Amino acid sequence: MARILLAEDDEAVRDMLQAVLERDGFEVVAVANVREALSRIAAENFDVLLSDLHMPHAGDGFTVVSAMRHTHPKAVTLVLSGYPELDEALSAIRLQPDKVLVKPIEIASLREIIHKEIANPSPHRQPLPTQSVASILEHDLDATIQGWMELVKHDQELTCIPLSFADRTGHLPHLLAELIYRLRLPPAAKANISIPARQHGDLRRKQGYTAAMVVEESRILQVSIFTTLQNNLRRVDFSKVLLDVITIADEVDSQLKQAMLSYVDSGSRSAWPAA
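The following refers to the structure shown. All residue numbers here refer to positions counted from 1 along the written sequence of the relevant chain. Only residues with pLDDT of at least 70 are given local features in this predicted model, and only at 80 or more are side-chain atom pairs given and counted; all residues enter the totals for whole chains, interfaces and linings. Derived side-chain values reflect all non-hydrogen atoms in the structure, with water molecules and hydrogen atoms excluded from consideration.

Quick notes on the packing of aromatic side chains
At step 1: Side-chain rings of Phe, Tyr and Trp, where Trp is taken by its six-membered ring, are said to pair if the distance between their centres is within 6.5 Å; with planes under 30 degrees apart they count as stacked, over 60 as edge-to-face, and otherwise as tilted. In the structure shown here, the tally under the stated rule is 0 aromatic pairs.
At step 2: In this analysis the charged atom, NZ for Lys or CZ for Arg, is taken to sit over a ring once it is within 6 Å of the ring centre and within 35 degrees of the ring normal. For R204, the ring lying beneath its charged end belongs to Y209, and the centroid distance is 4.5 Å.
At step 3: Geometry around Y263 places R205 over its ring, the cationic atom sitting 4.9 Å from the centre.

Structure representation (structure tokens):
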């Protein structure tokens, strides 16, 4: 019995497709989002992927297809899209699915396509070489910093304090280096006290930042890191990506905690009366 991973965030569509495909003799595992899809792909074997392209964000299906391509290269990959013009665009992507199915699709046609693809699978490329999240972030360090700076430039609250590029971004190479180091440690490793983060918190207070601004900078850092990974989906080692995402969030939050402790401590010292 062929196993199908069905990734669709619309509950009504998901339930309908699952019921139809199960009546047709398939074993169907249905998930509602990218996180659940990646978790299943890492832990189980599938013969077919049927994924919506938008779950709910544009291109979410590409992430799932990429994971399936790397983890189960022989699986048939089918993407459902409401935008037929994407078919041409997908041809330029190395990790393109076997077929792009335009919504709405007749159930009879869908069943026929799945049976045909399983019986006559398209020749697949060899799995592409992958890199760890740590290696990607290390290689794209400058791009991550530039992406962070672009987001900061559009934040009126942060830019109300004029700083040079060096003063604005000087802490980032050190924080990212600590993150990369942490990603390469065993999974159970705990975050160490970040000296650069404490120095950053102290500096930002002296520069006139509010506590909320320091928190916002940290939030933008997480966005920039994940954007770098999104831009490198074709290279990501999906077998460890979920654990790495958890580690990234934990490390960035830990660094923020150290920065805020230093920020508050610096404020307390500045409030002490002169001897």
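Re the sheet that holds strand β1 (residues 3-7)
At step 1: If you trace the 5 strands from one edge of the open sheet to the other, you get β2-β1-β3-β4-β5, paired in parallel fashion. Every interior strand has two partners, whereas the edge strands, β2 (27-31) and β5 (99-102), have only one. Averaged over all pairs of adjacent strands, the angle between their axes in this sheet comes to 20°, without regard to strand direction.
At step 2: Two strands pair under a simple rule: DSSP has to find at least two bridges between them. Runs of H or I in DSSP of at least four residues are treated as helices and runs of E of at least two as strands, each being numbered from the N terminus. Of the pairings in the sheet, the one linking β1 to β2 comprises 5 bridges and is parallel in character. Looking at β2, one finds that I4 is bridged to V28.
At step 3: Sitting on the sheet, helix α1 (residues 11-23) is in contact with β1, β2, β3 (48-52) and β4 (76-81), with an inclination near 170° to β2.
At step 4: By definition in these notes, contact holds between two residues if any of their heavy atoms fall within 4.5 Å. Axis definition: a line fit to C-alpha positions, over the contact stretch in the case of helices; interaxial angles, taken between N-to-C directions, run 0 to 180 degrees. Its contacts with the sheet put helix α3 (residues 60-71) on β1, β3 and β4, and the angle it makes with β3 is roughly 165°.

Re the environment of V31
At step 1: Note on placement: V31 falls in strand β2.
At step 2: Judged by relative accessible area, V31 falls into the buried class, the value being 2%.
At step 3: Expressed as a C-alpha distance, the spacing of V31 and E8, which sit 23 residues apart in the sequence, is 6.5 Å.
At step 4: Setting aside chain neighbours within four positions, we find V31 in contact with L5, L6, A7, E8, R14, E36, A37 and R40. Each residue gets one of three labels from its accessible area relative to the maximum for its type: buried under 20%, exposed over 50%, partly exposed in between, using a 1.4 Å probe on protein chains only.

Observations concerning the nonpolar core
At step 1: Residues grouped as a nonpolar core are buried Ala, Val, Leu, Ile, Met, Phe, Trp, Tyr and Cys residues, joined through side-chain atoms within 4.5 Å. Core analysis: the largest hydrophobic core is formed by 50 residues, its most contacted members being L5, L137, I225 and I248.
At step 2: Broken down by element, this core gets its largest block of residues, 7 residues, from helix α13 (residues 241-271).
At step 3: Once residues lying within four places of it in the same chain are set aside, the contact partners of L5 are V29, V31, A37, R40, I41, F46, V48, L49, L50 and M68.
At step 4: Of all hydrophobic cores here, the second largest spans 16 residues; its members include L6, F26, L50 and L78.

Notes on a negative patch on the surface
At step 1: Note that patches include only residues with greater than 30% relative accessible area and no salt bridge, and the join distances are 9 Å for like charges and 5 Å for nonpolar side chains (Val, Leu, Ile, Met, Phe, Trp, Tyr). Surface exposure here means Shrake-Rupley accessible area, sampled with a 1.4 Å probe, where a residue is shielded only by the protein chains that are shown. In the sections that follow, a salt bridge refers to a side-chain nitrogen of Lys or Arg positioned within 4 Å of a carboxyl oxygen of Asp or Glu. We score Asp and Glu as negative and Lys and Arg as positive, and we do not count His or the chain ends. We put the charge of a Lys on NZ, of an Arg on CZ, of an Asp on CG and of a Glu on CD. A cluster of acidic side chains, namely D9, D10, E11 and D15, defines a negative patch on the protein surface.
At step 2: In this structure, D15 sits in helix α1.

Topic: the side chain of R204
At step 1: Tracing the backbone shows R204 in helix α11 (residues 195-207).
At step 2: On the basis of relative accessibility, which here comes to 0%, the residue R204 falls in the buried class.
At step 3: We call two N or O atoms a polar contact when they sit within 3.5 Å, provided that within protein one can donate a hydrogen and the other can accept it, with sequence-adjacent residues counted only if both atoms are side-chain atoms. Polar contacts involving the side chain of R204 include one to the main-chain carbonyl oxygen of D167, which spans 3.3 Å.
At step 4: Ignoring any residue separated from it by four or fewer positions in sequence, one finds R204 in contact with W148, L163, D167, R168, H171, Y209, V214 and E217.

Note that every value here comes from positions in space, so none of it alone points to a role or purpose.
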